[in-house]
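Structural characterization, general
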Amino acid sequence: SPRQRPASPPRTPLAPSRGMEVDTDTAFDDFLSPESQKRKRAGDLLQSRERENLGSLLQSLIARLSSSASAQEARVLAAVLLRKVIVRNALTIGASPLWDGNNCDDAEGSPILSKALLEAWCSVVHEPALRRHVADAVAVAAAIQFTRGQAWPEFALLLARWCVSGGDERAAVLHLLEQLRDEVEDASTDQDVQRAEANVGAKSSPFLSLLAFLEDTGGALCKLLTAAFQDASDAASREAAARLFVLCATGPAVPATLRAAVGALAGDVAQAVVEACAESVRASEENSHCEACLQAVALAARADPHLWSPLASPATGLVATLVGAVNDTKMAAGSRAAALAALIELIVASCEAAATDLNAMDGDLVEETAPQILPGLRKILLDFPEDEGTEAWAEGADEDANAPGDKENVDDEGVSMLWDGALDACGRLLAHGGGAVGSRVSLHCMAAELLLCEAWQARHSGLLLQLRLACGEAAAASSGEGEAEVASTYAEAARHFHHSHPRVRWASLEVWARLLAAGLAPSRQAFDSAFESLAALGATDHYLRVRRRGLLVFLLAAAEGAVLTPAHAEPLFRKVLIPQAASPDDDIRDACARIAQGFAGALGWIQPTGGDAPMLPETCAASAEFTILWQEMTQAVGRGATDASGMGDQTGAVESGAIEWPHEWR
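Since the model is a prediction, treat every value here as computed from it, not as a measurement.

Helix and strand counts for the protein come out as 31 helices and 0 strands. The 666 residues of the protein split such that 50% are buried. For the protein, the exposed area adds up to about 30900 Å²; of that, 52% sits on carbon and sulfur atoms.

Now for unusual backbone geometry. The peptide bond linking phenylalanine 384 to proline 385 adopts the cis configuration, its omega dihedral lying at 0 degrees. Of note, proline 385 is situated in the loop between α20 (365-383) and α21 (390-394).

Following the sequence through the fold, arginine 547 ends up in helix α28 (residues 544-560). Despite its burial, arginine 547 pairs with no opposite charge; the closest candidate is glutamate 395, at 5.2 Å N-O. For arginine 547, the side chain forms a polar contact with the main-chain oxygen of aspartate 541, separated by 2.8 Å. With near-sequence residues (within four places) excluded, arginine 547 lies in contact with Leu537, Gly538, Ala539, Thr540, Asp541, His542 and Gln580.

Moving on to the packing of aromatic side chains. Taken as a whole and judged by the stated rule, the model has 13 aromatic pairs. Aromatic pair tryptophan 393 and tryptophan 506: ring centres 5.7 Å apart, planes at 80 degrees, arrangement edge-to-face. Linking tryptophan 393 in helix α21 with tryptophan 506 in helix α26 (residues 502-517), this pair joins segments that are 113 residues apart in sequence. Residue tryptophan 506 is classed as buried on the basis of its relative accessible area of 0%. Summarising the aromatic geometry, the rings of phenylalanine 599 and phenylalanine 626 are spaced 6.2 Å apart at their centres and angled 35 degrees between planes, so their arrangement reads as tilted.

Right, let's get into helix α3 (residues 54-66). An ideal rise of 1.5 Å per residue puts 18 Å on 13 residues; α3 measures up with 18 Å between its terminal C-alpha atoms. Across the 13 residues that make up α3, a large majority, 11, are buried. Those residues of α3 lying buried are Leu54, Gly55, Ser56, Leu57, Leu58, Gln59, Ser60, Leu61, Ile62, Arg64 and Leu65.

Take the packing of α26 against helix α27 (residues 524-540) next. Between α26 and α27, the least distance of the axes is 12 Å, while the angle of their chain directions is 135 degrees. In this view, α26 runs oblique relative to α27, as classed from their interaxial angle. Relative to α27, the crossing made by α26 is left-handed. Only Ala526, Phe527, Ala530, Leu534 and Leu537 of α27 make contact with α26, whose side of the interface consists of Arg505, Leu509 and Trp512.

So, on to the pattern of salt bridges. Under the criterion given, the structure shown has 25 salt bridges. When the shortest N-O distance is used, the salt bridge between arginine 574 and glutamate 570 registers 3.3 Å. Of this pair, arginine 574 and glutamate 570 both sit in helix α29 (residues 569-581), 4 residues apart, roughly one helical turn. Given the relative accessible area of 39%, arginine 574 is considered partly exposed. Look at glutamate 570 and you get partly exposed, because its relative accessible area is 41%. The salt bridge involving aspartate 586 is made with arginine 589; its shortest N-O contact spans 2.5 Å. Of this pair, aspartate 586 and arginine 589 both sit in helix α30 (residues 586-602), 3 residues apart, roughly one helical turn. Counted as one network, the salt bridges with shared partners bring together Arg302, Glu345 and Arg428.

Right, let's get into the environment of glutamate 215. Structurally, glutamate 215 can be placed in helix α11 (residues 205-216). Discounting residues that sit within four places of it in the chain, glutamate 215 has contacts with Ala220, Leu221, Cys222, Leu258 and Ala261. Here cysteine 222 takes part through its backbone nitrogen, which lies 2.9 Å from a polar atom of the side chain of glutamate 215.

Quick look at the environment of valine 504 now. If you trace the backbone, valine 504 turns up in helix α26. The class for valine 504 is buried, based on a relative accessible area of 0%. Here the alpha-carbon distance between valine 504 and alanine 493, two residues 11 residues apart in the chain, equals 9.2 Å. Apart from the residues within four sequence positions on either side, valine 504 is in contact with Trp456, Arg459, His460, Leu463, His496 and His499.

Most of helix α12 (residues 220-230) sits out of view: 8 of its 11 residues are buried. Those residues of α12 that sit buried are Ala220, Leu221, Cys222, Leu224, Leu225, Thr226, Ala228 and Phe229. On its buried side, α12 packs onto α8 (153-163), α9 (167-185), α11, α13 (235-250), α14 (256-263) and α15 (266-283).

Analysis parameters
- Going along each chain's sequence as written, the residues are numbered from 1 onward.
- Local features in a predicted model are, by the rule used here, given only for residues with pLDDT of at least 70; side-chain atom pairs are given and counted only at 80 or more, and totals for whole chains, interfaces and linings are based on all residues.
- Only hydrogens and water are removed before side-chain values are computed, so all heavy atoms of the structure are retained for them.
- Elements are defined by DSSP. Helices are runs of H or I of four residues or more, strands are runs of E of two residues or more, and each kind is numbered from the N terminus.
- Accessibility here uses a 1.4 Å probe with only protein chains present; expressed as a share of the type maximum, an area under 20% marks a residue as buried, one over 50% as exposed, and anything in between as partly exposed.
- The protein chains shown are the only cover counted for residues, whose accessible areas, like all others here, come from Shrake-Rupley with a 1.4 Å probe.
- When charges are tallied, Lys and Arg are placed among the positive residues and Asp and Glu among the negative ones, while His and the ends of the chain are skipped.
- One side-chain nitrogen of Lys or Arg within 4 Å of one carboxyl oxygen of Asp or Glu is enough to make a salt bridge.
- Polar contact is the term for a pair of N or O atoms within 3.5 Å; when the atoms are in protein, one must be able to donate a hydrogen and the other to accept it, and sequence-neighboring residues count only if both atoms are side-chain atoms.
- In this analysis, two residues are considered to be in contact whenever any of their non-hydrogen atoms come within 4.5 Å of each other.
- Here a Phe, Tyr or Trp ring, Trp counted by its six-membered ring, pairs with any other such ring whose centre lies within 6.5 Å, and the pair is stacked when the planes are under 30 degrees apart, edge-to-face when over 60, and tilted otherwise.
- To estimate how far a helix should extend, the number of its residues minus one is multiplied by 1.5 Å.
- Under this scheme, a helix contributes an axis fitted over its contacting stretch, all axes are lines through C-alpha atoms, and angles between N-to-C directions fall in the 0 to 180 degree range.
- Relative orientations are named as follows: roughly parallel for angles under 35 degrees, roughly antiparallel for angles over 145 degrees, roughly perpendicular for angles from 65 to 115 degrees, and oblique for any other angle.
- Crossing handedness is defined as follows: a turn of the near helix away from the far one that is anticlockwise and smaller than a right angle gives a left-handed crossing, while the clockwise case is right-handed.

Limitation: the analysis is restricted to geometry and does not speak to function.
The following block contains the structure:
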């Protein structure tokens, strides 16, 4: 007898009934109404349709966004709603015949969701304002399948075909790949997905498998990236291609064949940077639309310096372009920071290649480049950070302590990156300069000039620059020269302990803390001379962040041990530890306790007992006066803990709804 087709499970048809279609169309129109009541009724109706007949609602949304007769605003709304509906019903859609009806009869001939989504995407690929919203919905649907370990072959084949098609198709693929990467990484972690992840590996592995498939299909991925880098008319696609290049060229889980194939496009990335920066200069634009390409150079050169060192040759024009971008004050701060990072990584790559390959560049890139960028770096360090936000910064936590700007603002974040990058660049130029005496002298002169300026920004940056130079010299110089440089840096920082600006005081303490942490302790005489100032900063400074940094210096000094003497016990406990130990701040109390324990331990007065708070033994070598100090310290810690508990209860009462504090008071 003829083989019979197995019975198909029931599924909800995608084709909506005529009545439902009319109601849904009305809801779409009401969603765009200025009347809030109509918008609310529309939302209620669509949610009802979602519960009653999910397949029909999905098809109505797809039909509306695909209809060229509808207004663009309505089509965009339909695409946005489509993504939201798919996200809300991810478990239902991924495990139901709605997705793939290959084994289902469809008497009405309506397409299943996987097919309908791709058809809708194809229908809008030449409409930039709409295709990205549809791509977002397709990316969500693909992520649902991939995180469950399911394939979507039609989707993968469409991407491979579009990789080698026109500009609109390439832009659509690049946008979707970025969205898909985010969706896969942020996919739901329900039990079914967790089981799938146990089988397919890390969350990003399905995405990497897709990229590997595209490259295996006639090199489609590399062709896509190459075309995007060469198309100067589509800056968004070029930036997306740069981010995808970084993932493939530097990602730890990327297959070796894919990494090698994409890494070979380094020259195309370099050329894209040269052309993008040149176009920015011609257009006099602040935003050069090349930050992602610049970041790609920095990250890829750091990951594979041997591959990138030849691109530092003058013939490529890349180094000259990066120097120009660093010095271009019209360019956005984030782009300048990325250009500086890329330049430094190329310099490091060139120096490392010169040390291992006689045919590589001779390592003179530092000597050639430093004079061109040091004036620009000096101006960056002189002008930033801005004075605005100092109060909030000084009363903030220790996280992001170096940041000169407000992290909530993108522009300020770019300024912060540029300022940090300038300091880092100076340190790395010194470290990789080798015999470049000229650049070394120039860096020290720049630090000295900054410290002689009246502007607090110059003093602030000068101290932190001097810190980097001291650490670099100590690591590279002979013992005597290194000690002299460190001693000079300690002394310079101590001269700024009483500066009027909190950032400068913080920077001076940061110098002491970083040098102590690096094992470069000051002389006992230098510590004795600075002790009273350190105690005042750690105990009575007006700003929390400065006080915290002062306590950190004492904590590191206690761990070092060699600079502390019994004579420090009385003023340390009376002026710093006992007053601060009564603080309701857990971190401050903990720091004071650790300083006390480290101090007593360094002098051999206590031995660790294995508990949280070692006690003084009865046969302790400490004096009776120190025993009293220790007891007072213990009592202060107890009072602080009690106060913290009481404040916690009050905080809970406030949070329960009594007072809404103004934002600037928080």
